[in-house]
Amino acid sequence: MTRMREWLCTACHGWRKTKSMGTCQSCHAALAVNDEQACRLCWHQYRVTGAKAAGLGLLAANQSGQQLFFADLRHVAASQRRGYRRPGFDPAPSARPDVLPFTAVPYHQLVLFDSERDLRRGRIQGFPSTAHPEMAAFLKQTTLELAARQGWSSNNVENVQRGLAIVLALQDTPGAPVRTTEVLRLKQLGLNRTRVLEVCQAAGLLHDDQGPAIDRWVAGAIALLPQQMQSELAHWYSVMASGSKTQPRSKPRSETTIRLYLRWSLPALRTWAATGHTSLREITADEIRAVLPSTGNPRSTMGRGLRCIFRILKAHKLVFLNPLNRIQTGVEATTIPLPLPPTKLREALESTDPATAAVTALAAFYGLRTGQLRSLLLTDLHSGYLHLDQRRIPLATPVRDRIKAWLEYREECWPNTANQHLFISRQSATEHRPVGYDWVTRRIGTTTQKVREDRILQELIATNGDLRRICDMFGLTIGGAQRYAAILGLTDLANG
């Protein structure tokens, strides 16, 4: 116990951080209490004495005294840590079928003025009870049903129920669908917002008042530009995101493309705004040349972004001309594929971590990309073959052995998970989403693109430049295969 934690042990400090102040119904002390109105000492006595399993209440467990215990000595065993599931472990209590279906109220109560709520004050003053107990009971039932399907632990269920109780207590319109912005305020208390949103969505009581994330990102990126320039860029974003069904017609572009083009163009846009320009109509070819980098990929990428913006604005008659028409910005230089050191992949393949060995085996033997590894399902591997992108790839023996070891480990750790992806983590095991991009990179120790390039180069060397073979094996086009074949003239690489 140190001054950094207010002379409290780790568990007591975490208890006070996540619980609100109140009066314990057992010892009547004014301390931080949980949803059952129990302080940590009384709640610990209730749990360790087996009173819950015996059907006794909190008061009965503490009426004969309390057994003190040393701080920070009751560590959870490795097999019982968060995200770990033993066979036969009940992840959550079963749902109660006696709760009637709930229908949200058809009206919405307007507020006199909007104010920012500080939920951290609720830990001290306490939160009010919900004004609509029927809705609270329905959401609790949905939580238990969802937890039973997805294998949530008891701690996850308690965390979600606490978040729902706070959200329902602070609703401006009791009984109305829960707004996304109301749930996101739970970040102030460190509660899991994703699962609370999932429960509300499953119950049909979620109103998404935020909109797509790309809308907020674009609005924040151009917020400091002049008003007229913001209006022009907003029109460009509207055409890029939704397309145009009238002349001039255009198809919607992906969010990644929009982010890249705007990010590449922002340095030039901010420079023009700093020099006093308020509209893109004022930009001339000389001002384009002044902000463009002299050479290299920075010049090419900025030119692509600005060319796209001015081309759309010119087509929709928001600018008079496209000042980049007669300016050459060059083409982005392609990188040269290079092999990896042999020990780099060997260490990951021989790792004692089943996930690391299995992911590296699939990436090293078949050159799978990160997105392909993340999206693999359990049903994609059967009968000794990997079924991917309408291809039927035979699994080599080393790959089979590592995947078998991973599946055994997966079943041992998360037997109750409803996630159908081949690779899962502690976070994704209780959800339906795939693992993150960083999860794959951390397991392999490098990017899958470097592993893929290394495997394609080695296959080209072994087959004396058979482009058709690597196209079939790695899913390349002829143009993509020629990029790798272009470096076969490097004798030191071929001899290595």
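Shown above is the structure to which this text applies.
Computed from a prediction, not measured in an experiment: that's the story for all the values here.

Visitor: Quick question: what am I supposed to make of the overall build of the protein chain here?
Guide: Along its length, the protein chain carries 22 helices and seven strands. For 496 residues, the compact-globule estimate of 2.2 N^0.38 gives 23 Å, and the C-alpha radius of gyration of the protein chain, at 29 Å, exceeds that figure by more than 25%. Reported as C-alpha extents along the three principal axes, the dimensions of the protein chain are approximately 85 × 65 × 50 Å. In the protein chain, which comprises 496 residues, the proportion classed as buried is 40%. Taking the contacts inside the protein chain whose residues are at least 6 apart along the sequence as the reference set, 61% of them involve residues at least 24 apart. In the form shown here, the protein chain has an accessible surface area of approximately 28,200 Å², with 53% of it arising from carbon and sulfur atoms. Seen as two clouds, the 63 positive and the 41 negative side-chain charges of the protein chain have centres 2 Å apart.

Visitor: What am I meant to see in the layout of surface pockets here?
Guide: Rolling a probe over the atoms, with the probe sized like a water molecule, indicates the empty space that remains. For the second largest pocket, the calculated volume is near 340 Å³. Lining the second largest pocket are 15 residues; nearest its centre among them are Cys12, Arg16, Leu31, Arg40 and Leu41. Residue assignment for the lining of the second largest pocket shows that the elements contributing at least two residues are α1 (10–18), β2 (30–33) and α2 (40–48).

Visitor: Before we go on, may I ask you to explain the environment of Thr441 in this structure?
Guide: Relative to the helices and strands, Thr441 is located in helix α18 (residues 437–444). Taking the C-alpha atoms as reference points, Thr441 and Val359, separated by 82 residues in sequence, lie 9.6 Å from one another. In this structure, Thr441 is in contact with Thr446 and Thr447, ignoring residues within four places of it in sequence.

Visitor: Before we go on, may I ask you to explain the sheet that holds strand β6 (residues 385–388) in this structure?
Guide: Whenever strands of a sheet pair, they do so through backbone hydrogen bonds, lying parallel or antiparallel. One open sheet accounts for three strands, arranged β5-β6-β7; its pairing is antiparallel. Both outer strands of the open sheet, β5 (381–382) and β7 (391–394), are each paired with one neighbouring strand and no more. Of the strand pairs in this sheet, β5 and β6 are connected by two bridges, and their pairing is antiparallel. Bridging from a neighbouring strand, His382 pairs with Tyr385 of β6.

Visitor: Please explain α18 as it appears in this structure.
Guide: Since there are 3.6 residues in each turn of an α-helix, residues three or four apart along the chain are aligned in direction. Where α18 is concerned, the buried positions are Trp439, Val440 and Ile444. Down the axis, α18 shows its buried residues gathered within 120° of arc, on one side only. Facing away from the buried side of α18, by more than 90 degrees, are the exposed residues Asp438 and Arg442. Buried residues in α18 make contact with α14 (342–349), α15 (354–366), α16 (370–375) and α19 (448–462). Two residues or fewer past α18, Gly445 is found with a positive phi of approximately 90°.

Visitor: Hey, could you run me through unusual backbone geometry in this one?
Guide: A negative phi holds for most residues other than glycine; trans holds for most peptide bonds. The omega torsion of the bond from Gln247 to Pro248 falls at -5°, within 30 degrees of zero and hence cis. Among the structural elements, Pro248 can be located in the loop between α10 (227–242) and α11 (255–274).

Visitor: Any chance you could explain the pattern of salt bridges here in plain terms?
Guide: Once their charged atoms are close, side chains differing in charge can pair, the charge on each being opposite to the other. Using the criterion set out here, one finds 10 salt bridges in the structure. When the shortest N-O distance is used, the salt bridge between Arg443 and Asp353 registers 3.6 Å. Of this pair, Arg443 sits in helix α18 while Asp353 sits in the loop between α14 and α15; the two residues are 90 residues apart in sequence, bridging distant segments of the chain. Look at Arg443 and you get partly exposed, because its relative accessible area is 24%. By relative accessible area, which is 26% here, Asp353 ends up partly exposed. When salt bridges that share partners are traced, they join Arg117, Asp172, Arg179 and Glu182 into one network.

Calculation rules
Residues numbered from 1 in each chain as written. Predicted model: local features only at pLDDT ≥ 70, side-chain atom pairs only at ≥ 80, totals over all residues. Heavy atoms only, no water. Helix = DSSP H or I, 4+ residues; strand = E, 2+ residues; numbered from the N terminus. Rg over C-alpha atoms; globule rule 2.2 N^0.38 Å. Buried < 20%, exposed > 50% of the residue type's maximum accessible area, 1.4 Å probe, protein only. Contact = heavy atoms within 4.5 Å. Areas by Shrake-Rupley, 256 points an atom, 1.4 Å probe, with all protein chains shown as cover. Lys, Arg positive; Asp, Glu negative; His and termini not counted. Charge placed at Lys NZ, Arg CZ, Asp CG, Glu CD. 1 Å grid on protein atoms, 1.4 Å probe; cavity = no way out; pocket = protein on both sides within 12 Å on 5 of 7 lines; lining within 4 Å. Points joined across faces, edges and corners; volume = space filled by probe spheres on them. Pairing = 2+ DSSP bridges. Arc of directions from axis to C-beta. Salt bridge = Lys/Arg side-chain N within 4 Å of Asp/Glu carboxyl O.

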